[in-house]
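# Observations on the three-dimensional arrangement
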Amino acid sequence: MTATASRPVRTRFAPSPTGYLHLGGARTALFSWAFARHYGGSFVLRIEDTDLERSTPEAVQAILDGMQWLDLSADEGPYYQMQRMSRYREVIADMLAKGTAYYCYSTPAEVEAMREKARAIGAKPRYDGTWRPEPGKTLPPVPDSIQPVVRFRSPQIGVTAWDDLVKGPISFDNQELDDLVIARPDGTPTYNFCVVVDDWDMQISHVIRGDDHVNNTPRQINILRALGAEPPCYGHVPMILGPDGEKLSKRHGAVSVMEYDRLGYLPEAMINYLARLGWSHGNDELFTREQFVSWFDPAHLSRSAAQWDPKKLNWVNAHALRQLSPQDLAERVAPRIQRRGGSPGNADLVAVMELLRERSETLEDLAEGALLFCGPYTPADTALRTEVLDETALGLLRQFHTQAQALPGWTEAGLDNLIKSILKTEGVKMPKLAIPLRVAVTGQKHTPSISAVLSLLGRNAVLQRLADTLA
Ligand code: GLU
């Protein structure tokens, strides 16, 4: 892929703040960001907030939070379309003056009737050009009771084509494209028009966006040309499907990026996973953000829809957890332990992380596991005690208790030796002692390696809980 030598690479992410940053949006942002970073260009963030009914400040904040969490920093922006209204009006006035746009006084009812008429003869429903100026044409007299809309004078012959970075050559017959309304009766600009002016003013060289925008692209290209601007290169990425092949939605679980933060996924893993969702680099599945940027090539964006795979995300996240130092993990997990009512300060959290990370997929798994060491201790209930702590078990626990009190130190190796020596003298297998020990000192039947758990719990807690159990 050539990153057009003729102009500096500038990409943008242009979300409409009508909800949280969803996975599809985050992936579009990621590709645009990586494109800019790969070619040493700039990445612009633009908030498309002109839909006043549906845009909210909370949604703007949610998008900014999501971008920050993923660490997709913009070089420029956020720009807000609502703050650029005077600029859009200026461009509209300019187009009216140049004749590339015109006032249209047809009422909505009249336009609907035109569409109906077209439909009736099997043609594409469209505006019939009543107010479109043509050389030699006399326009109807201007009705003074009607506030006009402004329409773009769209080319009527030929095709509008582009070589899509993702989908390859795409072309639209200009006959299919209506004279688009670019300003409403109150003068406010319409969606496609704002996008065009922004892409122009912000000198965007490459637009990567969802393929739900393919139909907007020929309109935007034509307006850009009418403005004398060079259209950017466009790349339309297919949508993300749920595991069942349907469009990804809430039905499939979390769809907000920040929800994944809450669930204990690492931004590093989200980047890795989202990148692979519609882009590939050979058979590489696991890579860092830096590798992604250096490998990024839009030619390797997939033409077919990607499928969300929660199991794979877990696998990528588990891998990412292992790339972090236990210190780093401890810092990230501590607040999660607190939220679960635990006291992270009550344990050697770094050692706990070291013990748990091989068996955890998310930060929440780690927090949950860490409660064994720094959460409120709940002794085993009667049912579990009756099930596990029979006479033989209590006998073994008694031995362990006595000998553990005499241990000179309190290390995993020392505890492991002690357990093995008891097993040997008594001629029993590991579970015979390990399970009663777990139940007695953690209240649970399943824990990581018992000697590691005992060592991390510390001498006092272990001996006390054993004494309580045996009392
Ligand atoms: N604001 C549009 C959206 O959120 C994106 C427009 C664009 O990328 O051109 O779908």
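In short, a report on the structure. (Residues numbered from 1 in each chain as written. Predicted model: local features only at pLDDT ≥ 70, side-chain atom pairs only at ≥ 80, totals over all residues. Heavy atoms only, no water.)

In this section: the site of the ligand. Neighbouring the ligand are the residues Arg12, Ala14, Pro15, Ser16, Glu48, Tyr191, Val195, Arg209 and His213. A distance of 2.6 Å separates an oxygen atom of the ligand from a polar atom in the side chain of Arg12. Between the ligand and His213 there is a distance of 2.9 Å, counted from an oxygen atom to a side-chain nitrogen or oxygen. With the chains in place, 80% of the 300 Å² that the ligand exposes on its own is no longer accessible. In this structure the site holding the ligand corresponds to the largest pocket. Here the shell around the ligand is composed, by residue class, of 4 nonpolar, 2 polar and 3 charged. (Near = heavy atom within 4 Å. Polar contact = N/O pair within 3.5 Å; in protein donor to acceptor, adjacent residues only side chain to side chain. Areas by Shrake-Rupley, 256 points an atom, 1.4 Å probe, with all protein chains shown as cover. 1 Å grid on protein atoms, 1.4 Å probe; cavity = no way out; pocket = protein on both sides within 12 Å on 5 of 7 lines; lining within 4 Å. Sits in = over half its atoms within 2 Å of the grid points. Nonpolar A, V, L, I, M, F, W, Y, C, P; charged D, E, K, R; others polar.)

Strand order in the open sheet made by the 3 strands is 4-5-8, with antiparallel pairing throughout. Edge positions in the sheet fall to strand 4 (101–104) and strand 8 (181–183), since each has one partner strand and no second. The sheet shows a mean angle of 45° between the axes of neighbouring strands, taken without regard to direction. Sheet topology places strand 4 next to strand 5 (residues 149–152); 4 bridges connect them, and they run antiparallel. Directly across from Tyr102, in strand 5, lies its bridge partner Arg151. (Pairing = 2+ DSSP bridges. Helix = DSSP H or I, 4+ residues; strand = E, 2+ residues; numbered from the N terminus. Axes fitted to C-alpha atoms, helices over the stretch in contact; angles between N-to-C directions.)

What follows is about the layout of surface pockets. Size it by volume and the largest pocket reaches roughly 1200 Å³. As for the largest pocket, its lining consists of 40 residues, and the residues nearest its centre are Ser16, His22, Gly25, Asp212 and His213. Counting residues per element, the ones that place at least two in the lining of the largest pocket are strand 1 (10–13), helix 1 (23–38), helix 5 (191–201) and strand 9 (206–210). Broken down by element, the lining of the largest pocket gets its largest block of residues, 5 residues, from helix 1. In terms of residue class, the lining of the largest pocket is made up of 16 nonpolar, 13 polar and 11 charged. Put simply, the second largest pocket is a space of about 350 Å³. Residue lining of the second largest pocket: 18 residues in total, with Glu368, Gly369, Leu371, Leu372 and Gln444 positioned closest to the centre. The element contributing the most residues to the lining of the second largest pocket is helix 13 (residues 363–374), with 5 residues. When the residues that make up the lining of the second largest pocket are grouped by side-chain class, the tally is 6 nonpolar, 8 polar and 4 charged. (Points joined across faces, edges and corners; volume = space filled by probe spheres on them.)

Here we take up the nonpolar core. Trp308 and Phe400 are the most contacted members of the largest nonpolar core, which totals 102 residues. The leading source of residues in this core is helix 1, at 9 residues. (Core = buried A, V, L, I, M, F, W, Y, C linked by side-chain atoms within 4.5 Å. Buried < 20%, exposed > 50% of the residue type's maximum accessible area, 1.4 Å probe, protein only.)

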